[in-house]
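# Residue-level structure breakdown
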Amino acid sequence: MARAAATSCRRRRRRNVVTFLEQLGVQERPRALPGLPRPHEALHARPEAAASPGHPPGPGRPSGRERRFALRLSLSLHCLTVHGVTCHSPWRHVTSGRSVAGAVDMIPGVFRGCAGTICSQVPSWRLSALRHLTLPRVMKSHKKTDHMERTANVARWEVVSTAKVCGLADESPSVKMLRLHVAKKDLAFRAGQWVDFSIPGVPVVGGFSICSSPRLLQQERILELAVKYTTHPPALWVHSQCTLDSEVALRVGGDFFFDPQPHDASRNLVLIAGGVGINPLLSILRHAADLLRERAATGRGYEVGTVSLFYSARNTSELLFTKNILELVNEFPEKIACSLHVTKQTTPISADLKPYVTEGRIKEEEIRDLISRETLFYICGPPPMTDFFSKQLEGSHVPREHICFEKWW
């Protein structure tokens, strides 16, 4: 009996709150944002609807406690609205090309069709009003491990093209190399960029850095990727289901690239890679080699300065593309140099690699010796590595615009 009475009381109170919210302008059907009340209007909107002194609350006459609840709700909705967050489910708020990433679940019988959305980037103090609401649950922001979430703010090319796998090989025990023949001739990229990698039947879009040069795509319509094994669906598909003639869809994106124009001032490059972070830097290295060949053959085009590659991995079996890298070093000995590092080598280092391999991590002293006004630094690897070298370079007074980095999780 007591439980039934309590349930009846909760239902009546909920109806009263809904009625009061509707009187404030929060209606059953979503409507344009200007209809939401502002905090200072909440207690003054339609005063005739408020309970009179001594009058028991009923439908249309919410109690003081319910009026305070409605005011806090109005304040919260307004707070989200004025800070650029949409409060109606049919709307999708976009800031700098990014859609909101969080959501407040609907309160049964209170929102009545109005679902609020909270941007995950709104500071916690802006959401303090929500902590006082009796919401059943609030979606918490989470670490963005998905490629599309991490790169939502990054520019992409408009062209989307299908591509067919025309080559498949093991670059290392954990990395598989893909050669793709791209269908559309107007798909292009800048050295260092990545692709959105869409696979038929796989709902998750992958993100893989391109390791080939832009010229290879221009001349042969070939693009190369090196994909490390993980359980992430796109990478897992590459390692377990991908075969020759498999088809995928590609779209180029990324703001980490080296794309000098013929009349730009000559620059030296320092490339710092960790693990599979070599992929975009190999693309840059190959592009620099193409520019050097063009300059040598025609006397025209961009003049590349020196290129110094520092590349670290656990052991030599995880150092990718060493054959290609050393070929470029030998082709341009006065222009290209490399320093390979291994941190957990347990087997003897082969004779061909030994002159280039150092056991231990890349040291900041090696990088500091190459700092100059004409030098650009490109860093790609695990976040701790990119953070470390970025801070070291800034501490050595390298201009921020000369430091480019890409983090991969």
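This is a predicted model, so every value here is computed, not measured.

### Quick word on the packing of helix H7 (residues 278-298) against helix H8 (residues 322-331)
Taken N-terminus to C-terminus, the directions of H7 and H8 make an angle of 30°; their axes are 11 Å apart at the nearest point. On the basis of their axis angle, the class for H7 and H8 is roughly parallel. The two elements H7 and H8 meet at a crossing, and its hand is left-handed. Two secondary-structure elements touch here, H7 through Ile278, Leu282, Leu285, Arg286, Ala289 and Arg293 and H8 through Asn324, Ile325, Leu328 and Glu331. The residue makeup of the contact of H7 with H8, split by class, is six nonpolar, one polar and three charged.

### Quick word on the sheet that holds strand E3 (residues 156-172)
In spatial order, the strands read E6-E5-E8-E3-E4-E7; together these six strands make up an open sheet with antiparallel pairing. The open sheet is flanked by strand E6 (206-209) and strand E7 (222-228), the only strands paired with a single partner. Neighbouring strand axes in the sheet, compared pairwise and without regard to direction, differ in orientation by 40° on average. As paired elements, E3 and strand E8 (residues 247-253) share six bridges and run antiparallel to each other. Bridge assignment links Ala163 to a residue of E8, and that residue is Val248. This element, helix H6 (residues 233-240), spans strand E4 (175-182), strand E5 (194-198), E6, E7 and E8 of the sheet and lies at about 105° to E7.

### Re the pattern of salt bridges
When charged atoms on two side chains of opposite charge get close, those side chains can pair. Enumeration according to the criterion identifies twelve salt bridges in this entry. Across the salt bridge formed by Arg156 and Asp196, the nearest N and O atoms sit 2.6 Å from each other. Here the residue Arg156 occupies a position in strand E3, and Asp196 occupies one in strand E5, the gap between them amounting to 40 residues. By relative accessible area, which is 6% here, Asp196 ends up buried. Among the ionic pairs, Glu294 bridges to Arg215, the shortest N-O distance being 3.2 Å. Placement of the pair is Glu294 in helix H7 and Arg215 in helix H5 (residues 214-220), with a sequence separation of 79 residues.

### A few points about the confidence of the model for the chain
For the chain, the mean per-residue pLDDT works out to 75, and 64% of the residues sit at or above 70. In the model, residues 16-61 has pLDDT below 50 throughout and makes 80 contacts with residues more than four positions away in sequence or in other chains. In this model residues 67-142 is a low-confidence stretch, pLDDT under 50, and it forms 133 contacts with partners more than four residues away in sequence or in other chains.

### Structural notes on the sheet that holds strand E9 (residues 268-274)
Two modes of strand pairing occur in sheets, parallel and antiparallel, and in both the strands are linked by backbone hydrogen bonds. As summarised here, the arrangement of the six strands in space is E12-E11-E10-E9-E13-E14, forming an open sheet in which the pairing is parallel. Only two strands of the sheet have a single neighbouring strand rather than two, namely strand E12 (357-359) and strand E14 (403-407). Taken over all neighbouring pairs, the strand axes of this sheet differ in orientation by 15° on average, direction set aside. Taken together, the six bridges between E9 and strand E13 (residues 375-381) define a ladder with parallel strand orientation. Counted as the bridge partner of Leu269 is Leu376 from E13. Here H8 sits on the sheet and contacts strand E10 (307-313) and strand E11 (336-342); the angle it forms with E11, its principal contact strand, is near 145°.

Calculation rules
Residues numbered from 1 in each chain as written. Predicted model: local features only at pLDDT ≥ 70, side-chain atom pairs only at ≥ 80, totals over all residues. Heavy atoms only, no water. Axes fitted to C-alpha atoms, helices over the stretch in contact; angles between N-to-C directions. Helix = DSSP H or I, 4+ residues; strand = E, 2+ residues; numbered from the N terminus. Parallel < 35°, antiparallel > 145°, perpendicular 65-115°, else oblique. Left-handed = near helix turned anticlockwise from the far one by under 90°. Contact = heavy atoms within 4.5 Å. Nonpolar A, V, L, I, M, F, W, Y, C, P; charged D, E, K, R; others polar. Pairing = 2+ DSSP bridges. Salt bridge = Lys/Arg side-chain N within 4 Å of Asp/Glu carboxyl O. Buried < 20%, exposed > 50% of the residue type's maximum accessible area, 1.4 Å probe, protein only. pLDDT = per-residue confidence, 0-100.

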